[in-house]
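The chain contents come next:
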Amino acid sequence: IFYAQEAYQLPEVLYFWQWQLARLLNELNQKDEAIEAYKEAIKTLTPIKKEFFKGYRNFKDSFKESVKPVYIGLVELIIEKAEKSKDEKYLREAIEIMETLKNMELENIFSDECLLKYKSKIKSLTSPPKDTVILYPIALPNRVVKLIVFNDKITLHSFDINFIEFDTIVREFRQKLQTRVTKRFFYGRSEERRVGKDDSRWR
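Bear in mind the structure is a predicted one, so any value in this text is a computation, not a measurement.

Reading the values: rules and limits
- Residues numbered from 1 in each chain as written.
- Predicted model: local features only at pLDDT ≥ 70, side-chain atom pairs only at ≥ 80, totals over all residues.
- Heavy atoms only, no water.
- Patch = residues over 30% accessible without salt bridge, like charges linked within 9 Å, V, L, I, M, F, W, Y side chains within 5 Å.
- Areas by Shrake-Rupley, 256 points an atom, 1.4 Å probe, with all protein chains shown as cover.
- Salt bridge = Lys/Arg side-chain N within 4 Å of Asp/Glu carboxyl O.
- Helix = DSSP H or I, 4+ residues; strand = E, 2+ residues; numbered from the N terminus.
- Buried < 20%, exposed > 50% of the residue type's maximum accessible area, 1.4 Å probe, protein only.
- Axes fitted to C-alpha atoms, helices over the stretch in contact; angles between N-to-C directions.
- Left-handed = near helix turned anticlockwise from the far one by under 90°.
- Contact = heavy atoms within 4.5 Å.
- Nonpolar A, V, L, I, M, F, W, Y, C, P; charged D, E, K, R; others polar.
- Phe/Tyr/Trp six-rings, centres within 6.5 Å; stacked < 30°, edge-to-face > 60°.
- Pairing = 2+ DSSP bridges.

Further remarks concern a nonpolar patch on the surface. Together, Ile 1, Leu 10, Val 13, Trp 17 and Leu 21 make up a nonpolar patch on the protein surface, roughly 400 Å² of accessible area in all. Positionally, Leu 21 belongs in helix H2 (residues 11–27). Look at Leu 21 and you get partly exposed, because its relative accessible area is 35%.

Pasting the structure below:
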């Protein structure tokens, strides 16, 4: 970390070592120190994220393997801290980190930052309108966490399931819901859309 930061100024290498340090601290049960190391890794990663969307694009799944796990690791520790402390501020922080990650995923998918120009118009998910409920699922490696935001209160429910198993179930469920001919998956059972030569539509 010292040489990457001071001697050679290589942020693309530095964040890897900071990420590794965070995981080692977590294994040693030094949770607070691990959280700080994760935050340092993200701080180092943020200015160079474009490199992963451009320079490293030839590397298959570079974002999924080299960027996303850093954010997920931090969120996992923050949620653990929220469960122990019963302090909702950590749950709000977890949502903010996940939203940052989702924005980065959009950048990665579309290869640019065009979509983020609308970011200022998006309201915070941690402060919804009165009497509005937000269900916010977060898929972690070994469990799925569901956050419920309602009238400035956030509650947490956790379900123990491996991410690979969860992902498989969700994809299979989606495939069973979708009817490609009638597009019921998109329009619901009471409304169907058919596009012919005359682009006619019917219910």
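Attention now goes to the packing of helix H3 (residues 31–45) against helix H6 (residues 68–85). Running from N to C, H3 and H6 point in directions that differ by 145°, and their axes come no closer than 10 Å. Crossing geometry of H3 relative to H6 is assigned as left-handed. When H3 is examined against H6, the residues Lys 31, Asp 32, Ala 34, Ile 35, Tyr 38, Lys 39, Ala 41, Ile 42 and Leu 45 are found in contact with a partner set consisting of Val 70, Tyr 71, Gly 73, Leu 74, Leu 77, Ile 78, Glu 80 and Lys 81. The class makeup of the residues in the contact of H3 with H6 is eleven nonpolar, one polar and five charged.

The next point concerns the packing of aromatic side chains. All told, the structure shown has three aromatic pairs when counted by the stated rule. Measuring from centroid to centroid gives 5.4 Å for Phe 2 and Tyr 3, while their planes differ by 80°, and the two rings are edge-to-face. With relative accessibility at 54%, the residue Phe 2 sits in the exposed group. Its relative accessible area of 56% is what places Tyr 3 among the exposed residues.

On to the pairing of strand E2 (residues 143–150), then. Along any regular strand the residues' side chains alternate between the sheet's two faces. Taken together, the seven bridges between strand E1 (residues 133–139) and E2 define a ladder with antiparallel strand orientation. For Ile 134, the partnering residue across the bridge sits in E2 and is Val 149. Note: E2 against strand E3 (residues 153–160), eight bridges, orientation antiparallel. In the strand pairing of E3, Ile 148 is matched with Thr 155. Hairpin connection, E2 to E3: the antiparallel pair is bridged by two residues, and Asn 151 has positive phi, about 50°.

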